[in-house]
Amino acid sequence: MSGTTEHREIIAGVDPARDWHPALAWAADEAQRRRAPLRLVVAVPPQHDTQHVDDTPRHTARVVAGRDAVDGAAAWVRERQPGVEVTTTVLDGFPARVLIRLSREAALTVLGYRHLSRVEEFLSAGSLVVPVTAQAHCPVAVVADAEHSTQDPPCLVVGIDGSEPSRAALALAFEEAALRRCALRAVAVWQPPVFSRRTDDASLQAERRQLSETTAGWAEKYPDVRLTHEVTVGSPVETLAEAAEHAQALVVGRRGRGGYTGMRVGSVVHGLLHRASCPLITVPAP
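Residue positions within a chain follow its written sequence, with the count starting from 1. Reporting of local features is limited, given that this is a predicted model, to residues whose pLDDT is at least 70; pairs of side-chain atoms are given and counted only at 80 or more, and all residues count toward the totals for whole chains, interfaces and linings. For side-chain calculations, the full set of non-hydrogen atoms in the structure is used, while hydrogens and water are omitted.

Q: Quick question: what am I supposed to make of the overall build of the protein here?
A: Helix and strand assignments come from DSSP, with helices taken as H or I runs of at least 4 residues and strands as E runs of at least 2, each series counted from the N terminus. Scanning the protein for helices and strands turns up ten helices and ten strands. Any two residues having at least one pair of non-hydrogen atoms within 4.5 Å are treated as being in contact. A separation threshold of at least 6 residues defines the contact pool for the protein, and within that pool the share at least 24 residues apart is 80%. Of the roughly 14100 Å² that the protein leaves accessible, carbon and sulfur atoms contribute 50%. Per-residue accessibility takes into account occlusion by the displayed protein chains alone, with areas from the Shrake-Rupley method and a 1.4 Å probe.

This is the structure:
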């Protein structure tokens, strides 16, 4: 396998206050598949809203707790995947900023989902999912629960819309499918105009043509991956979430770098973060 992310480090964020097992199980298995090192990271934010390092006793205690948590997580990962090289890091700083910075050299960043409300995900200093997904320099996998794929044969789903990010998502999806030895289902969603009740056959044909052109050539590069593709009509969020309900993962492209706020991931990605039941992998444009 000659993907560009092979053997590069995988980063997984560890939140000492939350259950990190589902995300780290997924990250450890992914590291084993890629034969890549896995780095477990705890970021300890300052006690107050300041950029300066907080050296109060309370902050020191939080650093110690973070070290204990990441060491325990590393021991658990080594037991699950003994062949994976695991390192640990405890850094001062706001977690999202730390992980975004580390993502520059990573193959993949893995996060657990904290099930925050829409308000909490924007206002909470500890919120990771939206800002890291929006600004990371590498693909980001968000793992809400333990992997529970029930599709037989196993399958990955990738969302395609013809954009550069979705082409990058397709490349990663093929790489993932080859690593997992599973099928790949490419899905394009056509959403009719708001005030139209009719299906536009010409638009559907254009979508099918674009999907065929986007996926052309990949079968030669990955001859062992069985590819199917389809164009469906409906809401992109609901359609992709439903298509991937029992999949091993859903892969989608991500536009931009999060805008000036660093929190903008696009309506489809944002909706899928809340709606998808399987791990969601977002891929930035190259």
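Still more ground to cover, so stick around.
Q: Got a minute to help me understand the sheet that holds strand β4 (residues 108-112) in this structure?
A: With mixed pairing, ten strands are arranged side by side in an open sheet as β3-β2-β1-β4-β5-β10-β9-β6-β7-β8. A single partner strand is all that each edge strand has here, and the edge strands are β3 (86-92) and β8 (227-233). Between one strand and the next, the sheet's axes are offset by a mean angle of 25°, whatever the strand orientation. Any two strands with at least two DSSP-identified bridges between them are counted as paired. Bridging between strand β1 (residues 10-13) and β4 involves three bridges; their strand directions are parallel. Paired with Ile11 across the two strands is Thr109, which belongs to β4. Simply put, an axis is a line fit to the C-alpha atoms, just over the touching stretch for a helix, and the angle between two N-to-C directions goes from 0 to 180 degrees.

Q: What am I meant to see in the side chain of Thr239 here?
A: Structurally, Thr239 can be placed in helix α9 (residues 236-243). On the accessibility criterion, Thr239 (14% relative accessible area) is buried. The term polar contact refers here to a pair of N or O atoms within 3.5 Å; inside protein, the definition further demands a hydrogen-donor-capable atom paired with an acceptor-capable atom, and it admits residues adjacent in sequence only when both atoms are side-chain atoms. There is a polar contact of 2.8 Å between the side chain of Thr239 and the backbone oxygen of Ser235. For Thr239, the contacting residues outside a window of four places in its chain are Val189, Thr232, Val233 and Gly234. A 1.4 Å probe rolled over the protein chains alone gives each residue an accessible area, and that area as a share of the maximum for its type sets the label: buried under 20%, exposed over 50%, partly exposed in between.

Q: Which parts of the structure should I look at to understand the environment of Asp92?
A: In this fold, Asp92 is placed in strand β3. On the accessibility criterion, Asp92 (42% relative accessible area) is partly exposed. Once the C-alpha coordinates of Asp92 and Pro46 are considered, the two residues, 46 residues apart in sequence, prove to be 7.2 Å apart.

Q: Honestly, helix α6 (residues 164-180) in this entry has me stumped. Any pointers?
A: Residues spaced three or four apart along an α-helix face the same direction, because each turn holds 3.6 residues. The length a helix should cover is 1.5 Å for every residue beyond the first. Here α6 contains 17 residues, and its C-alpha end-to-end distance of 24 Å stays within 8% of the 24 Å for a straight helix at 1.5 Å per residue. Phi for Arg181, located one or two positions after α6, is positive at around 55°.

Q: Just checking my understanding: could you explain the environment of Ala134 for this structure?
A: Here Ala134 is to be found in helix α5 (residues 129-135). Through-space distance from the C-alpha of Ala134 to that of Arg255 is 8.5 Å; in sequence the pair is 121 residues apart.

Q: Looking at this structure, I do not really get the pairing of strand β7 (residues 183-190). What am I missing?
A: A regular strand places its side chains so that they alternate between the two faces of the sheet. Judged by how many residues are buried, β7 sits mostly within the fold: seven of eight residues are covered. For strand β6 (residues 155-159) and β7, the ladder comprises five bridges, and the chain directions are parallel. Bridge assignment links Cys155 to a residue of β7, and that residue is Ala183. Assignment of crossover handedness uses the view with strands pointing away from the viewer, where a clockwise path from the first strand over the helix to the second indicates a right-handed crossover. Taken together, β6, α6 and β7 form a β-α-β motif whose crossover is right-handed. With seven bridges connecting them, β7 and β8 associate as parallel partners. Directly across from Ala186, in β8, lies its bridge partner His229.

Q: Help me out: how do you make sense of the side chain of Glu30 in this one?
A: Topologically, Glu30 is positioned in helix α1 (residues 21-34). A relative accessible area of 0% places Glu30 in the buried class. Ignoring anything within four residues of it in the chain, the contact list for Glu30 reads Ile10, Leu108, Glu176, Leu179 and Arg180.

Q: Explain the nonpolar core to me, please; I cannot follow it from the model alone.
A: One broad trend across soluble globular proteins is that nonpolar side chains are buried collectively. Joining through side-chain atoms within 4.5 Å is the link that ties buried Ala, Val, Leu, Ile, Met, Phe, Trp, Tyr and Cys residues into a set, and such a set is a nonpolar core. Core analysis: the biggest nonpolar cluster contains 51 residues, and Leu24, Leu38, Leu40, Val110, Val158, Leu184 and Ile281 have the highest contact counts within it. A per-element tally of this core places α6 first, with seven residues. In this structure, Leu38 is in contact with Ile10, Ala12, Ala27, Ala28, Ala31, Val77, Val84, Glu85, Val86 and Thr87, ignoring residues within four places of it in sequence. With 37 residues, the next largest nonpolar core counts Val41, Ala243, Cys278 and Leu280 among its residues.

Q: What's the story with the confidence of the model for the protein in this structure? I'm lost.
A: The predicted structure's coordinates, where accompanied by low pLDDT, should not be read in detail. Predicted confidence across the protein gives a mean pLDDT of 85, with 82% of residues reaching 70 or more. At the level of individual helices and strands, the protein shows its lowest average pLDDT in helix α4 (residues 118-123), which scores 48, and its highest in β1, which scores 97. On a scale of 0 to 100, pLDDT captures the predictor's confidence in every residue. Taken as a whole, residues 119-126 scores under 50 in pLDDT and shows 14 contacts with residues more than four places along the chain or in a different chain. In this model residues 258-263 is a low-confidence stretch, pLDDT under 50, and it forms twelve contacts with partners more than four residues away in sequence or in other chains.

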